[in-house]
Each structure stands twice: as C-alpha cells, then as structure tokens.
Amino acid sequence: MGGLPTNERLEFLGDSVLGLVITQALYERFPGLDESRLSPLRSGIVNMRALARIARELGLGPALKIGKGEEVTGGRDKNSILADAFEALVGAIYLDHGFEVSSQIVMNLMKSTIDEAATRGAGLDGKTALQEIVAASGWAPPEYKVSESGPDHDKDFVAYAIVNGAQYPEGHGKSKREAEQVAARIAFEALSKD
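Let me begin by describing the structure that accompanies this report. Remember, predicted model here, so these are calculated numbers, not experimental data.

1. Re the overall build of the chain
Consideration 1: Along the chain, the regular secondary structure elements total eight helices and four strands.
Consideration 2: Seen along its three principal axes, the alpha-carbon backbone of the chain occupies a region of about 55 × 45 × 25 Å.
Consideration 3: Of all 194 residues assigned to the chain, the portion counted as buried reaches 38%.
Consideration 4: The contacts of the chain with a sequence gap of at least 6 include a subset with a gap of at least 24, amounting to 53%.
Consideration 5: Approximately 11,100 Å² of the chain is accessible, and the part contributed by carbon and sulfur atoms is 54%.
Consideration 6: Positive and negative charge centroids in the chain, built from 21 and 28 side chains respectively, lie 2 Å apart.

The structure is reproduced here in structure tokens:
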C-alpha cells in the first residue's frame, strides 16, 4: 500500500466524538423529545453536507494532501472528503486536548448548524418533516422523481418532491438520498408557508 497515509483512524475517532458531543447537546437542550425524535435530529446535524460546510469555512480543502486522481476530479471540494477531514480534525483535537476542549470546539463550530436543525421541521430530516406535514394534511405520501447525470466517479442527482399532485422545485445532491432530502426540505418549507 503505497501513497500517502490516511486519516481513517482519526476519522473513526472524530466521528464518535462528534456523535457524543451532539447527542449530549440535544439530550440537554430538548428534555421533552424521545429517542425517535432525537435520533433524526442528530442525523440532520452530523451529516456529510453539514460537516463539509464547516470544513470549507475552516479552509481544510487547500490543506489536504490528496492523490492525483482526486486532485484532477476536484477532490478538495468534495463533500465526502471534506466531511472526513473535519472528522479527522476533531479526532486529532480530542487526542491532543481531551473531551472537554474538543467538546467546546465542536459546539462553537456547530452551534449554527444545531440551531438551524432545531428550528426546521421539528428537528427532523427533510423527508421525515415533509412526511409529517403531508400526513397532517391528510394527503397521500410524497413521491420523488430522481434523475442522475455525470460520470460514475462524480454523479450529480436531481430530485423533485411531488405532494398532492404538485411538483416542487428541484433538490440537488451527490447521492440519490441527498437530492431527495434537499427536495423534501424545499417542499416542506413551501408547504409550511401556506
């Protein structure tokens, strides 16, 4: 196995630290929510897109050592690579400074993400939030139309949520699931304003 060493062990550790810090924060902030509501709320906070956004804010992309193949395909700005880099950074902070310091840093970096997730869709991911508002209206479950384009190593997905016969604006993502989540969030926000 030649090439550069990976940060997979630090990612593994950082992922666990992130999960614990966010779980504890949500547990304390929302004493009235049970596990069935806390779990999707945590997933809405600790996800690839959110972690990649923070990595971009920190300027991690230019600091990464990546292979030539990833360099050519824009790896420094790929959500998956940036999210992994942020997890590795959290793991390194934990090893150097312990849980208290890493917890404070994570909370400082993720405060706006936590606040945003807590205010949208009762803290649910996009598809679950949309499902709840649709069910409350007595409509049939939402449907999704998804298309994909691009080469296998760099696919782009476009999804549309269809609710009660109405098609809402498209959501984009690097996976089918991500595109559907974005489309669901767009539809949820539109229906919430009605």
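2. Remarks on the nonpolar core
Consideration 1: In this structure, L18, I22, L26, I45, F86, V106 and M110 are the most contacted members of the largest nonpolar core, which totals 26 residues.
Consideration 2: Per-element accounting of this core gives the leading share, 10 residues, to helix α6 (residues 79–119).
Consideration 3: Not counting residues up to four positions away in its chain, the partners in contact with F86 are L18, L51, I54, A55, L58, L60, L109 and M110.
Consideration 4: Of all hydrophobic cores here, the second largest spans 14 residues; its members include F157, A159, A183 and A184.

3. Quick word on the pairing of strand β2 (residues 156–163)
Consideration 1: Counting buried residues along β2, six of its eight residues qualify, which places the element largely inside the surrounding structure.
Consideration 2: Here strand β1 (residues 143–149) runs beside β2; their pairing, made up of seven bridges, is antiparallel. Paired with E148 across the strands is F157, a residue of β2.
Consideration 3: Linking β1 back to β2 in an antiparallel pair, the connection comprises six residues, with G150 at a positive phi of about 95°.
Consideration 4: Relative to strand β4 (residues 171–173), β2 is paired through three bridges, and the arrangement is antiparallel. Each bridged residue has a counterpart across the sheet, and for V158 the counterpart in β4 is H172.
Consideration 5: Pairing between β2 and strand β3 (residues 166–167): two bridges, direction antiparallel. Along β3, the bridge assignment pairs I162 with Q167.
Consideration 6: Linkage of β2 to β3, two consecutive antiparallel strands, is achieved through a turn of two residues, within which N164 is found at a positive phi near 50°.

Thresholds, definitions, all that
- Residues numbered from 1 in each chain as written.
- Predicted model: local features only at pLDDT ≥ 70, side-chain atom pairs only at ≥ 80, totals over all residues.
- Heavy atoms only, no water.
- Helix = DSSP H or I, 4+ residues; strand = E, 2+ residues; numbered from the N terminus.
- Buried < 20%, exposed > 50% of the residue type's maximum accessible area, 1.4 Å probe, protein only.
- Contact = heavy atoms within 4.5 Å.
- Areas by Shrake-Rupley, 256 points an atom, 1.4 Å probe, with all protein chains shown as cover.
- Lys, Arg positive; Asp, Glu negative; His and termini not counted.
- Charge placed at Lys NZ, Arg CZ, Asp CG, Glu CD.
- Core = buried A, V, L, I, M, F, W, Y, C linked by side-chain atoms within 4.5 Å.
- Pairing = 2+ DSSP bridges.

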